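Next come the chains, spelled out residue by residue.
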Amino acid sequence: MTSTVLVLNSGSSSLKYQLVDPSSGEALASGLIERIGEESGRVKHQSGGSTVEREQPVPSHADALKVALGLFDEAGPSLAGAGVAAVGHRVVHGGALFSAPVLLDDDAVAGIRSLIPLAPLHNPANVTGIEVARELLDVPHVAVFDTAFFATLPPAAATYAVDRKVAEEHGVRRYGFHGTSHQFVSAAVAAHPDVQALGRSPLRQVVLHLGNGASASAVLDGVAVETSMGLTPLEGLVMGTRSGDLDPAIVFHLVRNAGMSVDDVDTLLNKSSGLKGLAGVNDMRELQRLVASGDEAARLAMDVYLHRLRKYVGAYAAALGGIDVLTFTAGVGENDARVRAGVVQGLGFLGLEVDPARNEAPSREARVISPTGTGALVMVVPTDEELAIARQAMELVSR
Ligand code: ADP
């Protein structure tokens, strides 16, 4: 019996995994191994209502995967009994090489490695995770790319207005990220009974994936036509620690006048900007606590965050020729009713409104939070990137 997929997400110092049954959508086990390569690693494995948590040294990614496989033996479920049909790897950057999931052979791994200059923060760890897993797990391995859903961006949306020769030679264009989530959520929206009842064709959707990283997409009849992240995940919305959009001349200014190197500016804009740079915290729950306590820096951070979001919704409504559904997803989008209300405030001219009782009712389900009878729907739809990766991997190996 082959019925499950082991989904792996390898970061620079962490390994996240989930054993998924793609047909039922059930996660049979999940785990996180952090602080790989540090003095003491942190290990967490959850299955069937029980949790194993401990600290132990995890010197390398190979060790991390061995630890994870050991946890399946120790705490279950047994991988041998789970019928693992494939391993699905989350890969951040597919560049112009990969616009769909791919079966991982040596050539495909070399292709992912060749994209490291485009994604120096992410692809190296993804490649290491793939190499280690291919050695230890003798089943088909599939890469699912964060960029793939946005391979359909029209040239007008994907092209930066820079010298064409330079852009072509160095792969400078907009790729987009979080594609697995935007694809999963926009498909769930289109299939929702309340959206079907709306009967709009073509269906014009804007999806806001608001987690620690954050991105917006415009989706026309299931096809992505705009997204806020670009060559890298730095462009677009204000994020936990990333600045999102800014004048590129800020980089020259800091290099010339602040004594910063290019790497310093890279770290500044990716790791200590966004909400963290403005308010000192990158976690939305902490930011909300600071706002409630009257902290002025936190209030400004929230205002900048919401202003950017409203601008994007308006711009995407223009790109789509109108909007039928606006959807919130990921950690902040699924849980923070104040952020949702703040984004939609003032967007009544697009037919967008939030019903306070619906917005504030706690729920884990896909749901409509706009009042009955408005011109467009506002929804909350939980994302599930692991399930989406598992389904795509299973689909590829079952062909
Ligand atoms: P990522 O996958 O990008 O790390 P997530 O989608 O898990 O991020 O989202 C993390 C963000 O979600 C954090 O900023 C966290 O504060 C926020 N978040 C989680 N739960 C809540 C909540 N109940 N209210 C507000 N924000 C929340």
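Residues numbered from 1 in each chain as written. Predicted model: local features only at pLDDT ≥ 70, side-chain atom pairs only at ≥ 80, totals over all residues. Heavy atoms only, no water.

Draft legend 1. Representation of the sheet that holds strand E10 (residues 214-220) within the structure. If you walk across this open sheet you meet the six strands as E11-E10-E9-E12-E14-E13, and the pairing is mixed. On the outer flanks of this sheet lie strand E11 (223-227) and strand E13 (367-368), each paired with one strand and no other. Here strand E9 (residues 204-210) pairs with strand E12 (residues 325-329) via five bridges, running parallel. Considered in E12, the bridge of histidine 209 is made with threonine 329. Packing against the sheet, helix H7 (residues 179-191) makes contact with E9, E10, E12 and strand E14 (377-380), and its axis sits at approximately 135° to E9. (Pairing = 2+ DSSP bridges. Helix = DSSP H or I, 4+ residues; strand = E, 2+ residues; numbered from the N terminus. Contact = heavy atoms within 4.5 Å. Axes fitted to C-alpha atoms, helices over the stretch in contact; angles between N-to-C directions.)

Draft legend 2. Fine view of the sheet that holds strand E8 (residues 141-145). With mixed pairing, eight strands are arranged side by side in an open sheet as E5-E4-E3-E2-E1-E6-E8-E7. Every interior strand has two partners, whereas the edge strands, strand E5 (50-56) and strand E7 (102-103), have only one. Pairing of strand E3 (residues 26-34) with strand E4 (residues 41-47) involves six bridges; the strand directions are antiparallel. Within E4, the residue paired with serine 30 across the bridge is glutamine 46. Helix H17 (residues 385-397) rests against strand E1 (4-10), strand E2 (15-21), strand E6 (84-91), E7 and E8 of the sheet, and its axis sits at about 125° to E6.

Draft legend 3. Local environment of the packing of aromatic side chains. A full pass over the atoms with the stated rule returns four aromatic pairs. Plain terms: the ring middles of phenylalanine 98 and phenylalanine 145 are 4.5 Å apart, the flat faces sit at 5° to each other, and that makes the pair stacked. Taken together, the residues span a long stretch of sequence, with phenylalanine 98 in the loop between E6 and E7 and phenylalanine 145 in strand E8 at a distance of 47 residues. As far as the burial class goes, phenylalanine 98 and phenylalanine 145 line up, both buried. (Phe/Tyr/Trp six-rings, centres within 6.5 Å; stacked < 30°, edge-to-face > 60°. Buried < 20%, exposed > 50% of the residue type's maximum accessible area, 1.4 Å probe, protein only.)

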